[in-house]
Amino acid sequence: MGALAEFAWRVLVVSLPNFLTIFVAIGLFCSLYPLRPGAWRLACGALACLGISCASSLYHTVTIPRAVLLFGDFASAAATIVFFAVVLVACVPMARLVFDVSLWDAVFCCTAGYAMQNLAHSAWELVRFLVAPDLPSTDPVSAASQLLASALVFVPGYLLVVRRIRTDHLEGEGDRRTLLVLLGVIVVSIVLDTSVRELRDMGALPVEAFLVLMLAQLFIGALTLYLDYEILYSNRMRADAAATRQMMADERRQYELSRDTIEAINVRCHDIRHQVRALSGATGGGEEFMRGLDGLISIYDSGVQTSNAALNVILTEKSLLCHGKRIELTCSADGSALSFMSEQDIYSLFGNALDNAIEAADDISDPERRLIDVSIRRMGQMAVIQVRNFFEGELRREGGSLGSTKGGGLHGYGTKSMRLVAERYGGSITFDARDGLFRVHVLLPIPG
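Residues numbered from 1 in each chain as written. Predicted model: local features only at pLDDT ≥ 70, side-chain atom pairs only at ≥ 80, totals over all residues. Heavy atoms only, no water.

Engineer: Could you give an account of the overall build of the protein chain, naming the residues involved and the relevant values?
Structural biologist: Scanning the protein chain from N- to C-terminus turns up 11 helices and 7 strands. With 448 residues in all, the protein chain has 43% of them scored as buried. Within the protein chain, counting contacts between residues at least 6 apart in sequence, those at least 24 apart form 74% of the total. As displayed, the protein chain has an accessible area near 22,400 Å², and 63% of this comes from carbon and sulfur atoms. (Helix = DSSP H or I, 4+ residues; strand = E, 2+ residues; numbered from the N terminus. Buried < 20%, exposed > 50% of the residue type's maximum accessible area, 1.4 Å probe, protein only. Contact = heavy atoms within 4.5 Å. Areas by Shrake-Rupley, 256 points an atom, 1.4 Å probe, with all protein chains shown as cover.)

Engineer: Mind laying out the confidence of the model for the protein chain, listing which residues take part and the relevant values?
Structural biologist: Confidence along the protein chain averages 77 in pLDDT terms, with 73% of residues attaining 70 or more. Ignoring residues within four places in sequence, the model shows residues 403-411, a span with pLDDT below 50, making 35 contacts including any to other chains. (pLDDT = per-residue confidence, 0-100.)

Engineer: Describe the pattern of salt bridges, with residues and values.
Structural biologist: Evaluation of the coordinates by the stated rule reveals 10 salt bridges. Linking D362 and R370 is a salt bridge whose minimum nitrogen-to-oxygen distance equals 3.1 Å. Classification of D362 by relative accessible area gives partly exposed; the value is 33%. R370 sits in the buried class, given a relative accessible area of 12%. (Salt bridge = Lys/Arg side-chain N within 4 Å of Asp/Glu carboxyl O.)

Engineer: So what's going on with the nonpolar core? Which residues, and what values?
Structural biologist: The biggest cluster of nonpolar side chains holds 45 residues, and the ones touching the most others in it are F19, F29, M116 and I165. The next biggest cluster of nonpolar side chains, apart from the first, holds 40 residues, and it includes I327, A360, I429 and I446. (Core = buried A, V, L, I, M, F, W, Y, C linked by side-chain atoms within 4.5 Å.)

Engineer: Go over the pairing of strand β6 (residues 428-434), please, and point to the residues and values.
Structural biologist: Examined bridge by bridge, β6 and strand β7 (residues 437-445) share 7 bridges and lie antiparallel to one another. Bridge pairing links F431 to V440 in β7. Taking the residues between adjacent antiparallel strands as the criterion, β6 and β7 are bridged by 2 residues, where D435 takes a positive phi near 50°. (Pairing = 2+ DSSP bridges.)

Engineer: Now, about the pairing of strand β1 (residues 328-333): what can you tell me, with residues and values included?
Structural biologist: Bridge count between β1 and strand β2 (residues 371-379): 6 bridges; the pairing is parallel. Its bridge partner lying in β2, C331 is registered against V374. Traced from β1 through helix α10 (residues 343-362) to β2, the parallel crossover comes out left-handed. (Right-handed = clockwise from strand over helix to strand, strands pointing away.)

Engineer: Could you give an account of helix α4 (residues 103-131), naming the residues involved and the relevant values?
Structural biologist: Over its 29 residues, α4 runs 42 Å from end to end, which matches the ideal 42 Å to within 8%, given 1.5 Å per residue. Most of α4 sits out of view: 22 of its 29 residues are buried. (Expected span 1.5 Å × (residues − 1).)

Engineer: Tell me about the packing of α4 against helix α5 (residues 140-167), and please be specific about residues and values.
Structural biologist: Where α4 contacts α5, the axes come no closer than 9 Å and their chain directions differ by 140°. Compared by their axis directions, α4 and α5 come out oblique. Classified by chirality, the crossing of α5 by α4 is right-handed. Between α4 and α5, the residues in contact are F108, M116, Q117, L119, A120, H121, W124 and R128 and S142, S145, Q146, A149, S150, V153, F154, G157, Y158 and I165, respectively. Among the residues forming the contact of α4 with α5, the class breakdown is 10 nonpolar, 7 polar and 1 charged. (Axes fitted to C-alpha atoms, helices over the stretch in contact; angles between N-to-C directions. Parallel < 35°, antiparallel > 145°, perpendicular 65-115°, else oblique. Left-handed = near helix turned anticlockwise from the far one by under 90°. Nonpolar A, V, L, I, M, F, W, Y, C, P; charged D, E, K, R; others polar.)

Engineer: Can you break down the state of the cysteines residue by residue, with the values?
Structural biologist: According to the stated counting rule, one finds 0 disulfides in the structure shown. No disulfide involves C91; its sulfur sits 5.2 Å from that of C110, the nearest cysteine. For C91, a relative accessible area of 3% puts it in the buried group. (Disulfide = S-S within 2.5 Å.)

Engineer: Which residues make up the sheet that holds β7, and what values go with them?
Structural biologist: Pairing is mixed in the open sheet, where 5 strands are placed in the order β1-β2-β3-β7-β6. Edge positions in the sheet fall to β1 and β6, since each of these pairs with one other strand and no more. This sheet shows a mean twist of 10° between the axes of neighbouring strands, independent of strand direction. In this fold helix α9 (residues 309-324) packs onto β1 and β2, with an angle of close to 160° to the strand it touches most, β1. Relative to strand β3 (residues 382-390), α10 is tilted by about 20°, and along the sheet it contacts β1, β2, β3 and β7.

Engineer: Could you give me a rundown of the packing of aromatic side chains, with the residues and numbers involved?
Structural biologist: Note on aromatic pairs: each is described by the distance of the centres and the angle between the planes. Scanning the entire structure with this criterion turns up 4 aromatic pairs. Between F129 and F210, the ring centres sit 4.5 Å apart and the planes meet at 50°, which makes this aromatic pair tilted. One end of the pair, F129, is in helix α4; the other, F210, is in helix α7 (residues 207-283), and 81 residues separate them in sequence. Its relative accessible area of 21% is what places F129 among the partly exposed residues. Where Y229 meets Y233, the ring centres are 6.1 Å apart and the plane angle is 20°; that geometry is what we call stacked. Taken as a pair, Y229 and Y233 lie in helix α7 at a separation of 4 residues, close to a single helical turn. By relative accessible area, Y229 is classed as buried at 8%. Overall, the relative accessible area of 35% leaves Y233 in the partly exposed class. (Phe/Tyr/Trp six-rings, centres within 6.5 Å; stacked < 30°, edge-to-face > 60°.)

Engineer: Let's hear about unusual backbone geometry: which residues, and what values?
Structural biologist: Glycine aside, negative phi is the norm for most residues, and most peptide bonds take the trans geometry. With a phi angle near 55°, H169 is a residue other than glycine that sits in the positive phi range. Inspection of the secondary structure puts H169 in the loop between α5 and α6 (177-201). Phi is positive for R326, which is not a glycine, with a value near 60°. Mapping R326 onto the fold places it in the loop between α9 and β1. According to the relative accessible area criterion, R326 is exposed, its value standing at 72%.

And the structure:
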């Protein structure tokens, strides 16, 4: 076989399957993000895969043998480590070329993809060592078995890691900590993998040590995938916590503003009502107009009154909003049952529940179903809260929250805020939807 034919055979049987599995693994994680427009981007990615495979074969057939002659056997391992490190780093801009992904998310995809490929490659090396230790890497059976082993690892890897990231909506949560994982992959995975193979080929590694090191590589690959996922998950948790804190601070300011505004409106409407009655008695005319004006004032003057000031504010505010949207809001409330709750928590709990109910009811065209019912009662040592409303469309679960296909239902941070309030008092909250009726049910223990 001529030098050119041998080079082409090595590219086809050794380098291409190896780098193809690397790019496929990285592509599985990049599939979490949309492709950039332009078929030329995919063509560039394919050409890059072929070009790197050719460069790898040239590197191993020309550069490494010369390095060994000049610097000794360990030059082969050093050169291989440098080459794979450069390839891994180069995958980051390649991922950004093909997919609409940020820098840190591209780093995540490359580290996670390489870790999964390294996991598959280590498993294949281990099986090949145990079953066919004398099988040369240039044998087509070797390439076929490598591709099969990769498929057997990639499928469960996709189902357990990639799909879970998509389900938990963790895309876009990468940050600078992924760079540390990248360095860990380069230092540990690439160095360990290359060193183990070089020592084995040199006959300087006992069988028992080789098996232990291969098992260590499998563990490191799985650990890298776990750490990558944990980084995304912890970033999302921190972002959610910050958003929830900000939302609760906004709710506190909104409550204080609403309280002051409603108090001012009630006082002003009360004064205006007396002035209208005095004017009506003095003139004796325009009684129908005066009655209409008095009724209009009553809308703002007759706020919801319970034995809980914070509850009065939020129910009055939402009652006015419902009136403007022609939604009927009914309320049966024992405000004293919530006397143990802070004003902010009451405003947050009922504000989020009623906002979602109003949004859902506003999408209903039938006037008889544009209803919201609020019930607050004491049952023994429990405060029982229930908010019910009709909805149209089908409900879906997204990120642990219920939402309607027409836009009503619950929103992520509002749901989390409501759940946090319930759990803060040792209670529970459930969301139920049946036969077009949505129900929020809260149970809170009343302190003895």
